[in-house]
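Here's the letter readout for the chains.
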Protein chains: 2
Amino acid sequence: MPPAKKSPAPAAPARPNSARRSEASRRAILTAAFELAGELGYAKLSIEAIAARAGVGKQTIYRWWPTKGAVLFDAFLMLSEGPDGDAELPDTGDIEADLKTVLRATVEELADPRIAEPMRALSTEIAHDPQLAALYAERLDEPVRELKRARLRKAQQAGQLAADLDLDVAVDAIWGPLLNRWLLRTGPVTTAYTDAVVETALRGLRAS
Amino acid sequence: MPPAKKSPAPAAPARPNSARRSEASRRAILTAAFELAGELGYAKLSIEAIAARAGVGKQTIYRWWPTKGAVLFDAFLMLSEGPDGDAELPDTGDIEADLKTVLRATVEELADPRIAEPMRALSTEIAHDPQLAALYAERLDEPVRELKRARLRKAQQAGQLAADLDLDVAVDAIWGPLLNRWLLRTGPVTTAYTDAVVETALRGLRAS
């Protein structure tokens, strides 16, 4: 995305726009948290490091977030609400090809430590923090899950998937094996694997 | 299991059996680590607490294990090598019923914090530690995975599952959704859910 044009300088000195400054600080903090989680890993991530990278004081961060886990969660939320946040899943009419495309893209993302490390950090925070998990389920997992269900629902309406399919079970059948293998590192995360998972899952999900 | 019979006292004072004492300390430490991980959660688990519960000095633990994660890993290993360690999966001839039985038992275990909390702790350590993950894959995951593959192979040989099935993909299709939902808390972990997962997966895995 090209950088936005700068606004022309105001004709007369204006009072500082503190709401806009706050928003700029908030975004700088969240961007720093995401980047540092990728560079350092979650264990070494600290409020101090985030503050230094974002160019704000530690107290600014503590005023808005109680823990580094909470900062990272909001960083994911900011990213998920970005320009691609409400993207639909691809729909070429071929559900198998479309799911393979989506899972291949995920395999690529997971191979990039700048994305994978913050995701590992968030995943393990969620595993140990039921309150964060409830927030995650509602605000991050559910919107993405609805996009997945919507694509499967279309395939169902086209007669490509069984009419009595539980769409949540179907989503888990397609995405669960990959995420579990990646997080617990029980096998290689490759596009050959995700292609096989999609083919196997679809054999079970198809209209018979 | 009934406790093993005590050996009769030796006729003459023997030299202390240091190998046996070491083994007793090792088991006390591993048992304490597992129990405390369940009671306190991994974040609050400490070498100090394990030493106190096991009745040994901290240095005894540090002599054998570098970190609390390493202790907990060996605790899981000890349990997996126990009397039930090499148990086969049930085989009534009905693969669907047998898989439902196994997954229902897992749902019950996961509802017990004395088991679930140490499992969460181990899972998140693995997520962040590639070396521990490699040990886990080889020494804990692989032996259990082989039991699962063996049961699926029998069903395959009986013509109940597709002959060209990739058994690792099949194992992930059956166990991956449950483990991922449980660890990331994205939905309720119930036997109704695991029954639906088994039914859906088997529709994809069956011989056509």
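Let me sum up the structure you'll find in this document. Everything quoted here is computed from the prediction, not taken from an experiment. (Residues numbered from 1 in each chain as written. Chains lettered and ligands numbered in written order. Predicted model: local features only at pLDDT ≥ 70, side-chain atom pairs only at ≥ 80, totals over all residues. Heavy atoms only, no water.)

Examining the relation of the copies chain A and chain B
We count it as follows: Least squares is the method used to superpose the copies, on C-alpha atoms of residues holding a pLDDT of at least 70 in both. Contact between two residues is taken to exist if any of their heavy atoms lie within 4.5 Å; hydrogens are not considered.
In screw terms, the move from chain A to chain B is a rotation of 180° and a rise of 0.0 Å along the axis, fitting with an RMSD of 0.0 Å. Taken together, these values place the two copies in the relation of a two-fold axis. Residues of chain A ranked by C-alpha distance from the rotation axis are headed by A:Gly204, positioned 1.6 Å from it. With an isologous cut-off of 70% or more, the 100% of interface residues of chain A that recur at the interface of chain B puts this contact in the isologous class.

Quick notes on the packing of helix H5 (residues 95-110) of chain B against helix H7 (residues 130-157) of chain B
All names here are of chain B. Rules: Axis definition: a line fitted to C-alpha atoms, over the contacting stretch in the case of helices. Angles run 0 to 180 degrees between N-to-C directions. Secondary structure elements follow DSSP: runs of H or I of four or more residues count as helices, runs of E of two or more count as strands, with numbering from the N terminus. Here roughly perpendicular refers to angles of 65 to 115 degrees, roughly parallel to angles under 35, roughly antiparallel to angles over 145, and oblique to all remaining angles. Definitions for this section: a left-handed crossing has its near helix turned counterclockwise from the far helix by less than a right angle. A right-handed crossing has that turn clockwise. The residue classification treats Ala, Val, Leu, Ile, Met, Phe, Trp, Tyr, Cys and Pro as nonpolar and Asp, Glu, Lys and Arg as charged. All others, Gly included, are polar.
Put simply, H5 and H7 touch, their axes get as near as 11 Å, and they point 165° apart. By the criterion of interaxial angle, the relationship of H5 to H7 is roughly antiparallel. Crossing of H5 over H7 shows left-handed handedness. Contacts between H5 and H7 involve Ile95, Asp98 and Leu99 from the first element and Arg151, Leu152 and Ala155 from the second. For the contact of H5 with H7, a count of residues per class yields four nonpolar, no polar and two charged.

A short note on the nonpolar core
Let me state the cut-off plainly: Grouping buried Ala, Val, Leu, Ile, Met, Phe, Trp, Tyr and Cys residues that are joined through side-chain atoms within 4.5 Å yields what is termed a nonpolar core. For every residue, the accessible area obtained with a 1.4 Å probe (protein chains only) is divided by the maximum for its type, and the residue is called buried under 20%, exposed over 50%, and partly exposed between those limits.
Ranked by size, the top nonpolar core spans 85 residues in total, and within it A:Leu152, B:Ile50, B:Ile61, B:Val71 and B:Leu152 carry the most contacts. Leaving out residues up to four positions away in the same chain, B:Val71 has contacts with B:Ile29, B:Leu30, B:Ala33, B:Ile47, B:Ile50, B:Ile61 and B:Trp65. Counting 31 residues, the second-largest nonpolar core is a separate cluster that includes A:Leu36, A:Leu72, A:Met78 and A:Ala121.

Looking at empty space enclosed by the protein
To be explicit about the condition: Here a cavity is any set of points on a 1 Å grid over the protein atoms alone where a 1.4 Å probe fits but cannot get out, and a pocket is any open set with protein on both sides within 12 Å along at least 5 of 7 lines; a residue lines the site when it has an atom within 4 Å of a point. Grid points are joined across faces, edges and corners, and a volume is the space filled by probe spheres set on the points.
According to the stated counting rule, one finds one cavity of 30 Å³ or more in the structure shown. Forming the boundary of the largest cavity are A:Val169, A:Ala173, A:Thr200, A:Ala201, B:Ala173, B:Pro177, B:Val197, B:Thr200, B:Ala201 and B:Gly204. Mapped onto the lining of the largest cavity, the elements with two or more residues apiece are helix H8 (167-184) and helix H9 (191-205) of chain A together with helix H8 (167-184) and helix H9 (191-205) of chain B. Per-element tally for the lining of the largest cavity: the top contributor is H9(B), with four residues. Partitioning the lining of the largest cavity into residue classes produces seven nonpolar, three polar and no charged.

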